[in-house]
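# Architecture and fold: a report
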Amino acid sequence: IGLGHAAYRAEDNAEAAKAYELALHLNPRSFLVRLALARVYWRLNRLAEAAEEQLEVLRTHPRFAQAHADYGVTLVRVGRHGDALASLLKGIELGYREAIVFNFLGNAYVALGRTNEAIGAFEQAIRLDSAYPTAYVNLALLYADAGARAKARQYYKKVVDDQPGL
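The following refers to the structure shown. (Residues numbered from 1 in each chain as written. Predicted model: local features only at pLDDT ≥ 70, side-chain atom pairs only at ≥ 80, totals over all residues. Heavy atoms only, no water.)

### Description of the overall build of the protein
Definition in use: Secondary structure elements are taken from DSSP: a helix is a run of H or I of four residues or more, a strand is a run of E of two residues or more, and numbering for both begins at the N terminus. A simple rule labels every residue: compare its accessible area, found with a 1.4 Å probe on the protein chains alone, to the largest value its type can have, and call it buried under 20%, exposed over 50%, or partly exposed in between. Here a residue-residue contact requires only that any non-hydrogen atoms of the pair lie within 4.5 Å. Values of accessible area rely on a 1.4 Å probe in the Shrake-Rupley scheme; residue burial ignores everything except the protein chains shown. His is not counted, nor are the chain ends; Lys and Arg add positive charge and Asp and Glu add negative charge. Charge coordinates come from a single atom per side chain, which is NZ of Lys, CZ of Arg, CG of Asp or CD of Glu.
Check the secondary structure of the protein and you find ten helices and zero strands. Along the protein, helices (α) and strands (β) appear in the sequence α-α-α-α-α-α-α-α-α-α when read from the amino end. Viewed in the frame of its principal axes, the protein has a C-alpha envelope of about 55 × 35 × 25 Å. For the protein, the residues scored as buried account for 42% of the 166 residues in total. By sequence separation, contacts in the protein at least 24 residues apart represent 39% of the contacts at least 6 residues apart. Of the roughly 9,100 Å² that the protein leaves accessible, carbon and sulfur atoms contribute 53%. Positive and negative side-chain charges of the protein, numbering 20 and 18 respectively, have mean locations separated by a distance of 4 Å.

Structure representation (C-alpha cells):
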C-alpha cells in the first residue's frame, strides 16, 4: 500500500495503479486500497473501473460516507447525473463534508435543470472552502446564463482576484 501511496503522491499513476492492484490481489477485502485505486483510475480516466471499485466498497460498507461521495463524483463524470445525485446526497447525509462533493452535487443539479439547488450546492462548497475557485466559476457561469451579470461578475472577480496569475 505504501508503494501505491508514494507513486500516487509523485503523480506516477501507472505505477500507483500497479501497486494498489497488487495490494488488492494480496488482500481483496481492503476497502481502503479499493478507494485509493479508484482515485488513481480517476486520474487515468478509467472511470468504469473506478466505479467498480467504489461499488465494491459500498457493497461491504454501505454506510461509508466517502465511498458514496466518491461514487457520486464518478457518476457525474460519466454523465449519470440522476444516479450521482442519490449517491452524493447519501454521502452528505452520512457526514461527508468536502467542497468538491458539493461542487459535483451542483454540477449534477445543473445537468438536471435544478438551478436553485445547484446554486445552493455551489454556495455550500464555498462555505466549506472559501478558496475553492471551481465553485466560484460555476456560480459565475450560472448567473451569467440567467442574465444576472452583476452577480456573475462578483463571482468571476473573486476567482481573478484570488488567482493573480490568471
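### Re helix α4 (residues 47-60)
Where we set the bar: Here a helix's expected span is defined as the number of its residues, less one, multiplied by 1.5 Å. Directions drawn from the helix axis to the C-beta atoms are what define this arc.
Compared with an ideal rise of 1.5 Å per residue, which puts 14 residues at 20 Å, α4 spans 20 Å between its outermost C-alpha atoms and is within 8% of the ideal. Within α4 the residues assigned to the buried category are Leu47, Ala50, Ala51, Glu53, Gln54, Val57 and Leu58. Down the axis of α4, the smallest arc covering the buried residues is 165 degrees, so these residues share one side. Residues Ala48, Glu52 and Arg59 are exposed on α4 and point more than 90 degrees away from its buried face.

### Structural notes on the pattern of salt bridges
The condition that has to hold: Whenever a carboxyl oxygen of Asp or Glu lies within 4 Å of a side-chain nitrogen of Lys or Arg, that contact is scored as a salt bridge.
Following the criterion strictly, the structure yields ten salt bridges and no others. We note a salt bridge from Glu53 to Arg34, for which the minimum N-O separation is 2.5 Å. Residue Glu53 is found in helix α4, and its partner Arg34 is found in helix α3 (residues 31-43); the two are separated by 19 residues along the sequence. A salt bridge links Glu117 to Arg114; the shortest N-O distance between them is 2.7 Å. Here Glu117 falls in the partly exposed class, since its relative accessible area comes to 35%. Judged by its relative accessible area of 32%, Arg114 is partly exposed. Among the charged side chains, a network of salt bridges with common partners joins Glu21, Arg46 and Glu49.

### Focus: the packing of helix α8 (residues 115-128) against helix α9 (residues 133-145)
Quick reminder of the rule: Here, axes are lines fitted to C-alpha atoms. For helices the fit covers the stretch in contact, and angles between N-to-C directions go from 0 to 180 degrees. Each angle gets one of four labels, with under 35 degrees taken as roughly parallel, over 145 as roughly antiparallel, 65 to 115 as roughly perpendicular, and the rest as oblique. For any pair of crossing helices, the crossing counts as left-handed if the nearer helix is rotated counterclockwise from the farther one by less than a right angle, and right-handed if it is rotated clockwise. Residue polarity follows a fixed list, in which Ala, Val, Leu, Ile, Met, Phe, Trp, Tyr, Cys and Pro are nonpolar, Asp, Glu, Lys and Arg are charged, and the others, Gly among them, are polar.
In the contact formed by α8 and α9, the axes pass within 9 Å of each other and the chain directions differ by 155 degrees. Taken together, the axis directions place α8 and α9 in an arrangement best described as roughly antiparallel. Crossing of α8 over α9 shows left-handed handedness. Here Thr115, Ala118, Ile119, Phe122, Glu123, Ala125 and Ile126 of α8 come into contact with α9, specifically with Ala135, Tyr136, Asn138, Leu139, Leu142 and Tyr143. Here the residues of the contact of α8 with α9 are counted per class, giving ten nonpolar, two polar and one charged.

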